[in-house]
Structures are given as C-alpha cells and as structure tokens.
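Chain residues, written in single-letter form:
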Amino acid sequence: MFPGAMFLIGLATLSGLLFYLTSANSGAMVMSNFSASIPDPAHDGPKWLRIFWSLLTAVLTPSTLPKDEASVVPEGAGDVQDLDKKT
C-alpha cells in the first residue's frame, strides 16, 4: 500500500462530501426561492420549503446510482489482459 493512502482517501472522501452538501444546500435554497412567492427579492424562501427540497433531493439521489443489473462498462470491453492479446 502507498504511504499515506488511507489519509488521502479519507481527505478525498471528506472533501467530496463537503462539495456535495454545499451544492445540495445551494440547490435547495434556489428551488425554495423558485417555488415560493417572495415579496422582497432580498429574502429567501421559507425554511420549511428548503427542508422539503433538501429531503426530496436526498431521497432521489440514490436513484441516480447504477443498479446491480446495470453495468457501467460495456459488455465487450474486456480486461486489460484482453487488450494485450488484440494488439
């Protein structure tokens, strides 16, 4: 194993989650502002609506992940060893 690999993996995971949560929070605020009637543009939509959009986003996010039966790699792609045989 590479030196410091676990630290770098943990740091990358933490920063990825931080970026995801920051984007999700901003998206929930924008959706709240779009779906609410706000008399003053300087104010944000209601907090309960932002929570609603946050929860809906959290529930729908796993549906974007590939399922077990769906393969990300095409069927005929093969392994790296197969590439050596073809060349």
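In this report, we go over the structure that sits alongside the text. These numbers come from a predicted model, not from an experiment.

## Structural notes on the overall build of the protein
Across its full length, the protein holds three helices and zero strands. Mapped from its N terminus to its C terminus, the protein presents α and β elements in the order α-α-α. Counting all 87 residues of the protein, 6% fall into the buried class. Of the roughly 7700 Å² of accessible surface on the protein, a fraction of 70% belongs to carbon and sulfur atoms.

## Some details on the packing of aromatic side chains
One pair of aromatic rings is described through two measures. These are the centre distance and the angle between the planes. This model, assessed by the stated rule, comprises one aromatic pair. Between F52 and W53, the aromatic rings sit 5.2 Å apart at their centres with planes inclined by 65 degrees, giving edge-to-face as the arrangement.

## Comments concerning the packing of helix α1 (residues 5–34) against helix α2 (residues 47–60)
Running from amino to carboxyl end, α1 crosses α2 at an angle of 130 degrees, the nearest separation of the two axes being 8 Å. The pairing of α1 with α2 is recorded here as oblique in orientation. As for how α1 packs across α2, the hand of that crossing is right-handed. Note on element contacts: α2 touches α1 through L49, R50, W53, S54 and T57, opposite Y20, N25, A28, M29, M31 and S32. Within the contact of α1 with α2, the residues separate by chemical class into six nonpolar, four polar and one charged.

## Thoughts on the pattern of salt bridges
On inspection of all chains with the given rule, the structure shows one salt bridge. Put simply, D44 and R50 hold a salt bridge, and the shortest N to O gap is 3.6 Å.

## Things to note about α1
Over its 30 residues, α1 runs 43 Å from end to end, which matches the ideal 44 Å to within 8%, given 1.5 Å per residue. By the burial criterion, the buried members of α1 are A5, A28 and S32. Looking at the buried residues of α1, the elements they touch are α2.

## A closer look at the side chain of S32
Its place among the elements puts S32 in helix α1. Overall, S32 belongs to the buried group, its relative accessible area being 1%. The contact partners of S32, leaving out residues within four places of it in the chain, are G45, P46, L49, R50 and W53.

## Considerations on the environment of M31
Within the secondary structure layout, M31 lies in helix α1. We classify M31 as partly exposed; its relative accessible area is 30%. Distance in space between the C-alpha atoms of M31 and L49 is 8.5 Å, their sequence separation being 18 residues. When residues no more than four places from it in sequence are discounted, the contact partners of M31 are W53 and T57.

Reading the values: the criteria
Residues numbered from 1 in each chain as written. Predicted model: local features only at pLDDT ≥ 70, side-chain atom pairs only at ≥ 80, totals over all residues. Heavy atoms only, no water. Helix = DSSP H or I, 4+ residues; strand = E, 2+ residues; numbered from the N terminus. Buried < 20%, exposed > 50% of the residue type's maximum accessible area, 1.4 Å probe, protein only. Areas by Shrake-Rupley, 256 points an atom, 1.4 Å probe, with all protein chains shown as cover. Phe/Tyr/Trp six-rings, centres within 6.5 Å; stacked < 30°, edge-to-face > 60°. Axes fitted to C-alpha atoms, helices over the stretch in contact; angles between N-to-C directions. Parallel < 35°, antiparallel > 145°, perpendicular 65-115°, else oblique. Left-handed = near helix turned anticlockwise from the far one by under 90°. Contact = heavy atoms within 4.5 Å. Nonpolar A, V, L, I, M, F, W, Y, C, P; charged D, E, K, R; others polar. Salt bridge = Lys/Arg side-chain N within 4 Å of Asp/Glu carboxyl O. Expected span 1.5 Å × (residues − 1).

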